[in-house]
Amino acid sequence: MDNKRLLIAAVLSMAVLFLWQMAFPAPEAPKVAVPALAATQGAAGSPAANAAAAATAAIASGGLNGPGTASGAVVPAAAVEALPPVAASEEHHEVLENEALRAEFTNLGARLVSLRVKDTNAAGAAKGAGVELVSPRKDSPLPFSLVAPNGEALPANAALFVAERETGKEGEALRFLFRDGRGEVEKRFVLGGDGRLEISITAASEKNFSVLLGPGLRERTAAELGSRFDRRMAVWSAAAKVETLDPAKARDPLEIAGTGLDWIGLEDTYFLTAVVPHEPVAKVRLRPVMLVQSGDEHTFDTKFLPPSPEEIAAADKKLPRDLILEIEPRSGTFKATSYWGTKQLDRLLAMPYGFDKTVRLGTFGFLAKPLLKALQWIHSHVVANYGWAIVLLTMALKIVLLPLS
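Here the structure is a predicted model, which is why all the values come from computation and not from measurement.

1. Description of the overall build of the protein chain
Looking only at helices and strands, the protein chain has 7 helices and 19 strands in total. A buried classification covers 45% of the 405 residues belonging to the protein chain. Across the protein chain, contacts joining residues at least 24 apart in sequence account for 64% of those joining residues at least 6 apart. Accessible surface for the protein chain amounts to roughly 20500 Å². Of this, 59% is attributable to carbon and sulfur atoms.

2. Quick look at the pattern of salt bridges
Pairing between side chains of opposite charge can happen when their charged atoms approach one another. This model, assessed by the stated rule, comprises 22 salt bridges. Here R102 makes a salt bridge to E97, at a shortest N to O gap of 4.0 Å. Judged by its relative accessible area of 26%, R102 falls in the partly exposed class. A salt bridge links R116 to E132; the shortest N-O distance between them is 3.7 Å. Residue R116 is located in strand β3 (residues 111-117), and its partner E132 is located in strand β4 (residues 131-132); the two are separated by 16 residues in the primary sequence. The burial state of R116 is the same as that of E132; both residues are buried. Counted as one network, the salt bridges with shared partners bring together E255, K283, R285, R287, E326 and E328.

3. Side note on the packing of aromatic side chains
All chains considered together, the criterion is met by 9 aromatic pairs. With 5.1 Å between their ring centres and 45 degrees between their planes, F144 and F189 make a pair best called tilted. Of this pair, F144 sits in the loop between β4 and β5 (146-147) while F189 sits in strand β8 (residues 184-191), placing them 45 residues apart in sequence. For F144, a relative accessible area of 1% translates into the label buried. In this structure F189 comes out as buried when scored by relative accessible area, which is 0%. Through a chain of ring-to-ring contacts, three or more aromatic side chains come together here, namely F105, F144, F176, F189 and W340. Note that R287 overlies the ring of F304, its terminal NZ or CZ placed 5.5 Å from the centroid.

4. Some words on empty space enclosed by the protein
This structure, assessed with the given rule, holds 3 cavities of 30 Å³ or more. Approximately 110 Å³ is the volume found for the largest cavity. Forming the walls of the largest cavity are S135, P136, P215, L217, R218, E219, R220, L225, L291, H298, F300 and D322. Looking at the lining of the largest cavity residue by residue, the classes come out as 6 nonpolar, 2 polar and 4 charged. Looking at the second largest cavity, its volume works out to about 60 Å³. Contributing to the lining of the second largest cavity are 13 residues, with L133, P143, G214, G216 and W340 lying nearest its centre. The residue makeup of the lining of the second largest cavity, split by class, is 8 nonpolar, 4 polar and 1 charged.

5. Section: the sheet that holds strand β7 (residues 171-179)
Strand order across the open sheet formed by 9 strands is β6-β7-β8-β9-β19-β15-β14-β11-β12, with antiparallel pairing between neighbours. Looking at strand neighbours, the two that pair on one side only are β6 (162-168) and β12 (241-245), the edges of this open sheet. Across this sheet, the average inter-strand angle for adjacent strands is 20 degrees, counted without regard to direction. Pairing analysis gives 7 bridges linking β7 to β8, with the strands arranged antiparallel. In the sheet register, R175 faces β8, and the bridge partner there is R188.

6. Examining the pairing of β7
As a general feature of sheets, a regular strand has side chains that alternate between the two faces. β7 sits mainly inside the fold: 7 of its 9 residues count as buried. The antiparallel pairing of β6 with β7 creates a hairpin that spans 2 residues between the two strands. Joining the antiparallel neighbours β7 and β8 is a turn of 4 residues.

7. Observations regarding the confidence of the model for the protein chain
A residue-level look at the protein chain finds 77% of positions with pLDDT of 70 or above and a mean pLDDT of 81. Across the protein chain, strand β10 (residues 210-213) holds the top mean pLDDT of 97, while helix α2 (residues 47-60) sits lowest at 43. Low pLDDT, under 50, characterises residues 27-63; the stretch is placed with 55 contacts to residues that sit more than four places away or in other chains. Confidence over residues 65-77 falls short of pLDDT 50; this stretch has 28 contacts with residues more than four positions distant or in other chains.

Rules and cut-offs
Residues numbered from 1 in each chain as written. Predicted model: local features only at pLDDT ≥ 70, side-chain atom pairs only at ≥ 80, totals over all residues. Heavy atoms only, no water. Helix = DSSP H or I, 4+ residues; strand = E, 2+ residues; numbered from the N terminus. Buried < 20%, exposed > 50% of the residue type's maximum accessible area, 1.4 Å probe, protein only. Contact = heavy atoms within 4.5 Å. Areas by Shrake-Rupley, 256 points an atom, 1.4 Å probe, with all protein chains shown as cover. Salt bridge = Lys/Arg side-chain N within 4 Å of Asp/Glu carboxyl O. Phe/Tyr/Trp six-rings, centres within 6.5 Å; stacked < 30°, edge-to-face > 60°. Lys NZ or Arg CZ within 6 Å of the ring centre and 35° of its normal. 1 Å grid on protein atoms, 1.4 Å probe; cavity = no way out; pocket = protein on both sides within 12 Å on 5 of 7 lines; lining within 4 Å. Points joined across faces, edges and corners; volume = space filled by probe spheres on them. Nonpolar A, V, L, I, M, F, W, Y, C, P; charged D, E, K, R; others polar. Pairing = 2+ DSSP bridges. Axes fitted to C-alpha atoms, helices over the stretch in contact; angles between N-to-C directions. pLDDT = per-residue confidence, 0-100.

Take a look at the structure:
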């Protein structure tokens, strides 16, 4: 009789929990807005035209590596004469796409404009639109820009690269090339089906360039950036030990030695972008910045923090903070594997890098992991709805534990 009452009580409890979830659903994921592209790229007065003009001025005054750049290094004259200039006439966009990701690049600086994760969806977005992992910006450098040690953008970001598509064993690739009388920069990107993007950047005449990622990860509104539930961090692994940096607590740029660095990236609660260098790098810098709204509700540009906290204007003290990641190679070539996607435990475990350590399940993780696997199994094999999967898992646990109760 007592067991019968316990079973009835368990069923009623599950019904109450289910009704509660229906009446008070969990907060929706942040809305995703697709950044608008210029209708007439390269037209006079447009950002593309202005950038192209800046590139022409920079090249005319000394090329990619002329006076005023980070290195000032030049290619020997004999080598320059043997190679004809390579440049495009206007800006255009190129796309690499598969079932998991859609990556969009601009040939203006050969940089990443957009990267959408397809196998997840944001609230309010059309089905299949995915989640945008590149924070929209107006004037700040885009991911895979080249920057100087002080964080300033190099002239190569304003050069119009020639884009070529290549197909090989690894899949479809995009190759970008720009060459003037004093320097050459080549960038190559290959998109994998599991969220990995292979990167190769060669700037033979730049000795002190760094590759930029960020600021932060994903697009958000000012309200979302100010939410205490919105955790944004830098994360890295050195000698198999994982560490993090909170942008709200960072005051000065943090330099991390490349020796012993396994991987480094930017994360939030649900998504991760991480870079695994193929060869040891010289160093990486995590630079805290303030985010200033510069367009619609999702568009923010970066503003460097002044040397002293007293120099921050009163209005700027309330601005949201984030981190820019700068990776400085030891030579003129940077090669790496990067991951862009959800912090889905089984997917991260399938990769040999230790990314699963970015999923923090707390003190009771040893219990949470088998429960998570059981929940995912029910979702995959019984009912493709996590609400019902939770109900079924809870009922199964109650029945299993009924004799002990």
